[in-house]
Amino acid sequence: MQLYTKILLGMLLGVVLGFLVGPNSPLLPQDGARLLPSAAIVAAPADASAPAPMSSGVQRATILEQRRVGEQEWLQVEWRLTARQLLKLERDRDTKPDTKPDTKPDHEKTPLDPNARHVGWVQRAEPSVTTYSRLGQTLVDGTEWIGRLFLAMIRMVVVPLVFFSLTVGVASLGDLRKLGRLGGRTIGLFFGTTFVALVIGLGLANALRPGAFMSPDDRARLLASYAGDATQKISDAAAAPTLVDQLIGVVPSNPIGALAAGDMLQIIFFAVMFGVALTMLDARRSKPVVQLLDNCNEAMVMLVHVAMMLAPVGVAALLFKVVGSTGLSVLMALLAYSGLVLLGLLLHLALTYGGLVTFLARLSFIDFLRAMRPALMLAFSTSSSSATLPITKECVEENIGVSNEISSFVLPLGATVNMDGTALYQGIAALFIAQIYTMDLSLGDQLSIVVSATLASVGAAGVPGAGMITLAMVLTAVGVPLEGLALVLGVDRLLDMFRTATNVTGDATATVVMARLEGDALRLLDPSEDRARPDRGFEGRLDRGASPVRPDEPD
Ligand code: ASP
């Protein structure tokens, strides 16, 4: 079975199991209660005056009984204290100012029993008390590590891969004018596609007005449920640096520090400068260095293939967690908005990328998407264009024939600054929130959405949920209330998967266009060749054992 098929099966399994046996499953009994700090556990139902003993800091509890008291629904819950909570209680019991200090000598104090079960009552009220399936949660907790391990394996390769391949790429471009031209055209294309994405997004949101579909009840419920998270995003966005700081910050004061911190723009800057310096050296000096870096690069590529062996189970575990923990009810309330974002992404994919790949890169768009399958599936499952980067690079090089010089320059830059899916989504989200607050945005306001969403998508890192944080900047730019973030937070994780896949497609599109303009001989790999030649494509690369030396490579 081909690797793509296995990954696809993994994705399907994750989604289906997430719905059927995840924490929000409609099939399993909802026998657990999730409590936010604002939830009060009391000793008796409908009596808020007496907090239940040992109930501070409880986050999850088992539901024993449900009871109606007047209008309210009460849950009797049982919990055990975790080792961490017990330690905290031990520590607090002598020092807390509002409790009477326990002045008995240590050996006479009653020890806190880790096995003791405690019982109390909470009022069922979203968002502070929500129910879930304990079995589903146990399954998520038990499998989550697989997805995290897989992601960690790929992330491990990102920094060295970008550094080695970009230095080698620039050093082999050989000619500074070519580098300048490539850089200028790439950035021009990035901005051009982001602009088109925003025009599509804003056009759709103006024409179809998704905000008009949300009922006032849903609006109040969503605002209440996600208010806390929204505050967090707002403060994250407030900490973002200004544009000038960001530009100057691209030059690392310590390149090793930049590599250690994984600061992608700084790494790109240093690798480009290092590569340029190598081209300026005498060939006798530079050749061994370039050769060494190239071999290191090949070793990183091999590591990507090793990590990809985990991909089918990895994506299953990642999707199981996301799908199992996102409630369908939020999705329904935001159906018009989510549907519009998906429609916008699809249009951008088909029209903008389809047009560029067909007419500029002169490749069949369907075959191009087929060649990019592993990267797209991974972008979807991980919601991170940075984590997907090594696979995106493998796909454009091995399956489409782009040279390392082009891919190692365009892709890391794209994964960091080119996020069309994110920009399109921010445009729609800003208008949607404004419509719900019945604000009319003028043409000037919408232009400032275009400018701020372009910058916000440049500033967003290629990690899950980054676009949501920078959305706060877009809302501020046009004076839309920031609390509105709470309205769209519930579906953010799901939409993130689609916009990341779009972002990665955008980077790959720019790469093949640049490769064509720079004269690379592009050729889509057909599946039989993939199987037959282990030095190309994804299939069978590891079976060969030895590190491949490409046939076109000089010894
Ligand atoms: N997750 C997206 C990415 O990695 C960024 C975003 O949140 O929009 O491309």
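Basis of the calculations
- Residues numbered from 1 in each chain as written.
- Predicted model: local features only at pLDDT ≥ 70, side-chain atom pairs only at ≥ 80, totals over all residues.
- Heavy atoms only, no water.
- Helix = DSSP H or I, 4+ residues; strand = E, 2+ residues; numbered from the N terminus.
- Buried < 20%, exposed > 50% of the residue type's maximum accessible area, 1.4 Å probe, protein only.
- Contact = heavy atoms within 4.5 Å.
- Areas by Shrake-Rupley, 256 points an atom, 1.4 Å probe, with all protein chains shown as cover.
- Pairing = 2+ DSSP bridges.
- Phe/Tyr/Trp six-rings, centres within 6.5 Å; stacked < 30°, edge-to-face > 60°.
- Salt bridge = Lys/Arg side-chain N within 4 Å of Asp/Glu carboxyl O.
- Polar contact = N/O pair within 3.5 Å; in protein donor to acceptor, adjacent residues only side chain to side chain.

Participant: Looking at this structure, I do not really get the overall build of the protein. What am I missing?
Facilitator: For the protein, the helix and strand inventory stands at 21 helices and five strands. Going through the 555 residues of the protein one by one, you find that 50% of them count as buried. Considering only residue pairs separated by 6 or more positions, the protein has 80% of its internal contacts joining residues 24 or more positions apart. Of the roughly 25,500 Å² of accessible surface on the protein, a fraction of 63% belongs to carbon and sulfur atoms.

Participant: Please explain the pairing of strand β3 (residues 72-80) as it appears in this structure.
Facilitator: Consecutive residues of a regular strand have side chains that alternate between opposite faces of the sheet. Bridging between strand β2 (residues 60-69) and β3 involves seven bridges; their strand directions are antiparallel. Looking at β3, one finds that R67 is bridged to W74. What sits between the antiparallel neighbours β2 and β3 is a turn of two residues, in which G70 has the positive phi angle 65 degrees. Both β3 and strand β4 (residues 117-123) contribute to a ladder of seven bridges, which runs antiparallel. Looking at the pairing, E78 lines up with V119 of β4.

Participant: Mind showing me how you'd approach the packing of aromatic side chains here?
Facilitator: The description of an aromatic ring pair uses the distance of the two centres, along with the angle that the planes make with each other. For the structure shown, the criterion picks out seven aromatic pairs. Plain terms: the ring middles of F163 and F270 are 6.0 Å apart, the flat faces sit at 5 degrees to each other, and that makes the pair stacked. Placement of F163 in helix α3 (residues 134-173) and of F270 in helix α8 (residues 264-280) is noted, with a sequence separation of 107 residues between them. You can call F163 buried: its relative accessible area is 10%.

Participant: I would appreciate a short explanation of the pattern of salt bridges in the present structure.
Facilitator: Side chains that differ in charge, positive against negative, can pair when their charged atoms come close. Here the structure, examined in full by the defined rule, presents 12 salt bridges. Across the salt bridge formed by R181 and E518, the nearest N and O atoms sit 2.8 Å from each other. Placement of the pair is R181 in helix α4 (residues 176-208) and E518 in the loop between α20 (485-517) and α21 (527-532), with a sequence separation of 337 residues. Looking at E518, the relative accessible area reads 13%, which means it is buried. The residue E397 makes a salt bridge to K393 at a minimum N-O spacing of 2.9 Å. Of this pair, E397 and K393 both sit in helix α15 (residues 385-399), four residues apart, roughly one helical turn. Among the charged side chains, a network of salt bridges with common partners joins E144, R148 and K321.

Participant: Sorry if this is basic, but what is going on with unusual backbone geometry here?
Facilitator: Of note, R362 is a non-glycine position whose phi angle comes to about 55 degrees, a positive value. Structurally, R362 is set in the loop between α12 (335-360) and α13 (365-371). In the Ramachandran plot, T438 falls in the positive-phi region, its phi being about 45 degrees despite a non-glycine side chain. By relative accessible area, which is 71% here, T438 ends up exposed.

Participant: Could you clarify how one ought to interpret the side chain of Q266 in this entry?
Facilitator: Mapped onto the fold, Q266 is located in helix α8. Overall, Q266 belongs to the buried group, its relative accessible area being 16%. One polar contact links the side chain of Q266 to the main-chain carbonyl oxygen of G249, over a distance of 2.7 Å. For Q266, the contacting residues outside a window of four places in its chain are G249, V250, V251, P252 and A258.

Participant: Honestly, the environment of D496 in this entry has me stumped. Any pointers?
Facilitator: Note on placement: D496 falls in helix α20. Once the C-alpha coordinates of D496 and M468 are considered, the two residues, 28 residues apart in sequence, prove to be 8.8 Å apart. With near-sequence residues (within four places) excluded, D496 lies in contact with S383, P464 and G465.

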